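Chain by chain, the residues:
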Amino acid sequence: MSKTATLQIDGKSYEFPLVTGTEKERAIDIKTLRGVTGGVTTIDPGYKNTGSCESAITFLNGEEGILRYRGYAIEELAEKADFLEVAYLLIFGELPTKHELDKFHADIKAQSHVDEDVKKILDGFPKSAHPMGVLSSLTSALVAFNPSSVNVDSEEEMYNAIVRLMAKFPVLTAWAYRKRVGLPLDYGDDSLGYVDNFVKMMFKKPSGDYNSNKTIVEAMDKLLILHADHEQNCSTSTVRMVGSSHAGLFVSISAGIAALWGPLHGGANQAVIEMLEAIKEDGGDTHKFMQKAKDKEDPFRLMGFGHRVYKNFDPRAKIIKKSADDVLEALGVDDPVLDIAKDLEKEALSDNYFVDRKLYPNVDFYSGIIYRAMGIPVEMFTPMFALGRLPGWIAQWREMRLRKEPIGRPRQVYIGENLRPFKSVENR
Ligand code: CMC
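Residues numbered from 1 in each chain as written. Predicted model: local features only at pLDDT ≥ 70, side-chain atom pairs only at ≥ 80, totals over all residues. Heavy atoms only, no water.

Peer 1: For the overall build of the chain, give the residues involved together with the corresponding values.
Peer 2: On a plain count of helices and strands, the chain comes out with 18 helices and six strands. Compactness check: the chain gives a C-alpha radius of gyration of 23 Å against a globular reference of 22 Å for 428 residues, within 12% of the reference. For the chain, with 428 residues in total, the buried portion stands at 47%. In the chain, 71% of the contacts between residues at least 6 apart in sequence involve partners at least 24 apart. (Helix = DSSP H or I, 4+ residues; strand = E, 2+ residues; numbered from the N terminus. Rg over C-alpha atoms; globule rule 2.2 N^0.38 Å. Buried < 20%, exposed > 50% of the residue type's maximum accessible area, 1.4 Å probe, protein only. Contact = heavy atoms within 4.5 Å.)

Below is the structure:
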């Protein structure tokens, strides 16, 4: 196999090295392009063909439907690991020993308080505020309460920032929910597991005992694992980009939360349920909505279908689909929206428009149905995604800093006006 790629511009040839990843992915290294060609750049809106970094965290092959964290298959992790183990694996590169995991959990528990003054900030938001905006703001506000910026030459400082965020983020997520539904803000129970504790922080009522529901905790754990990382997606690239300016961990993650909010990214799980509800309200005619999705004059898209990188199937969707059936059965929930989802999936999988464009159900097509069965309101679906993605964002930020990556600063091709003289206001 050749080791270089040749580019010809204006009759001149330029050689660029080919880089090969551990899974034989090949890339043209164009670091020297502008220098050797005298300023020629590349253009790739949406970065469909551009690798922004080398990374050892997540491997994804969209053609074959493969997703692995640090070399472990997502299917195996979803079945055998728990979320905290997966978080450790993503962030530090190896599955933890029992001792390492216990220490990680103990360190997180030691930081699981949030300054009481943060409650005053939360108080300032209207109840109707979208929890993603609240969560992004509160995560950014954590900087004020933990002001030291992180020295990446100090493993200890990085570790401390990481456990702080892993500890406080579930509290903030639960608070965003409790504020929305009018429940008093509560702290967790350090005697419980990480996910069990989070579920308790969400659902514990001010009066009465709280009984942990195994089905809900296990389903939540699995969902968080499936969302934990997805290499250089929109929010992760945002976290790396913001962090590349040497902004701290909390504020980089706050920016990632904002990026995740959009309906084309993490916000799709909310959009899916809203779409399924709308179809139900409209009489349940899935065919009509399929036609709308295919009509280029109609802005409607089938939410929960399609993916920038999966052009075969989304392996997370396969796992989650089965989980949705199990959870609904275990909780005794009969959700008509699930039937609409199944009809839509069946139609789309045999429709030429969707088949030709390789549009398959993605992870968010079924996750909302599970969250709904657990009693979580739709506006909280994307915050659930954020909680799951937190270790991935942290791992990517840490890797970017340890590799001492340069500040992210893309180029452009300018298509505006050429130099023109200024006209005074009376002459315009
Ligand atoms: N419904 C109808 N048509 C679609 C859809 C859809 N959901 N998704 C893509 N298409 C069409 C699109 O119109 C285009 O058609 P044509 O070639 O005729 O112009 C073609 O398929 C390719 O689409 P694209 O927008 O160029 O593909 P992309 O890679 O830029 O976008 C996507 C990927 C996920 C943004 C898009 O598929 C989409 O908008 N899906 C719905 C939103 C959604 O479910 N997002 C969650 C993604 S999974 C969670 C996450 O990782 O964030």
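Peer 1: Describe empty space enclosed by the protein, and please don't skip the residues or the numbers.
Peer 2: Per the stated rule, a full pass over the model turns up two cavities of 30 Å³ or more. In this structure, the largest cavity occupies an estimated 120 Å³ of space. Lining the largest cavity are 16 residues, and of these Ile108, Ser112, Ala167, Tyr194 and Asn197 lie nearest its centre. Listed by contribution, the elements that provide at least two residues to the lining of the largest cavity are helix H4 (98–110), helix H7 (155–181) and helix H8 (194–203). Among the residues making up the lining of the largest cavity, the classes are represented as eight nonpolar, five polar and three charged. Taken as a whole, the second largest cavity spans an internal volume of roughly 50 Å³. Around the second largest cavity, the lining residues are Leu122, Phe125, Pro126, Lys127, Ala129, His130, Pro131, Val134, Ala176, Lys179 and Arg180. When residues of the lining of the second largest cavity are traced back to their parent elements, those giving at least two are helix H6 (131–145) and H7. (1 Å grid on protein atoms, 1.4 Å probe; cavity = no way out; pocket = protein on both sides within 12 Å on 5 of 7 lines; lining within 4 Å. Points joined across faces, edges and corners; volume = space filled by probe spheres on them. Nonpolar A, V, L, I, M, F, W, Y, C, P; charged D, E, K, R; others polar.)

Peer 1: Before we move on, could you go through the pairing of strand S5 (residues 66–69) and cite the residues and values that matter?
Peer 2: Bridging between strand S4 (residues 58–61) and S5 involves four bridges; their strand directions are antiparallel. In the strand pairing of S5, Leu60 is matched with Leu67. Once S4 ends, the chain turns through four residues before running back antiparallel as S5, passing Gly65 with a positive phi of about 65 degrees. Relative to strand S6 (residues 72–73), S5 is paired through two bridges, and the arrangement is antiparallel. Bridging across to S6, Arg68 finds its partner in Ala73. Where S5 folds back onto S6 in an antiparallel hairpin, the turn is made up of two residues, including Arg70, whose phi is positive at roughly 50 degrees. (Pairing = 2+ DSSP bridges.)

Peer 1: Describe in detail the packing of helix H13 (residues 286–294) against helix H15 (residues 336–349), supporting the description with residues and values.
Peer 2: At a minimum axis separation of 10 Å, H13 and H15 run at an interaxial angle of 50 degrees. As summarised for this structure, H13 and H15 are arranged oblique, according to the angle between their axes. As H13 runs across H15, the sense of the crossing is right-handed. Residues Thr286, His287 and Met290 of H13 lie in contact with H15, whose contacting residues are Ile340, Asp343, Leu344, Glu347 and Ala348. Along the lines of polarity and charge, the residues of the contact of H13 with H15 split into four nonpolar, two polar and two charged. (Axes fitted to C-alpha atoms, helices over the stretch in contact; angles between N-to-C directions. Parallel < 35°, antiparallel > 145°, perpendicular 65-115°, else oblique. Left-handed = near helix turned anticlockwise from the far one by under 90°.)

Peer 1: An account of the nonpolar core is requested, with residue identities and associated values reported.
Peer 2: If you look at the biggest cluster of nonpolar residues, it comprises 117 residues, and the most contacted ones within it are Tyr69, Met166, Met220, Leu276, Leu302 and Ile376. Leaving out residues up to four positions away in the same chain, Met220 has contacts with Val195, Phe198, Val199, Tyr371, Met374, Ile376 and Met384. (Core = buried A, V, L, I, M, F, W, Y, C linked by side-chain atoms within 4.5 Å.)

Peer 1: I'd love a proper account of H4, names of residues and values included.
Peer 2: Think of an α-helix as 3.6 residues a turn; residues three or four steps apart then line up on the same face. Look at H4: 18 Å from first C-alpha to last across 13 residues, which is about the 18 Å you get at 1.5 Å a residue. Every buried residue belonging to H4 is among Leu101, Phe104, His105 and Ile108, and all of these are buried. Down the axis of H4, the buried set is contained in an arc of 95 degrees. They therefore lie on one face. Away from its buried face by more than 90 degrees, H4 exposes His99 and Ala110. Lining the buried residues of H4 we find helix H3 (83–92), H7 and H8. (Expected span 1.5 Å × (residues − 1). Arc of directions from axis to C-beta.)

Peer 1: Would you mind going over the sheet that holds S5 in detail, with residue names and values included?
Peer 2: Reading across from one edge, S4-S5-S6 is the order of the three strands in this open sheet, with antiparallel pairing throughout. In this open sheet, the two edge strands, each paired with only one partner strand, are S4 and S6.

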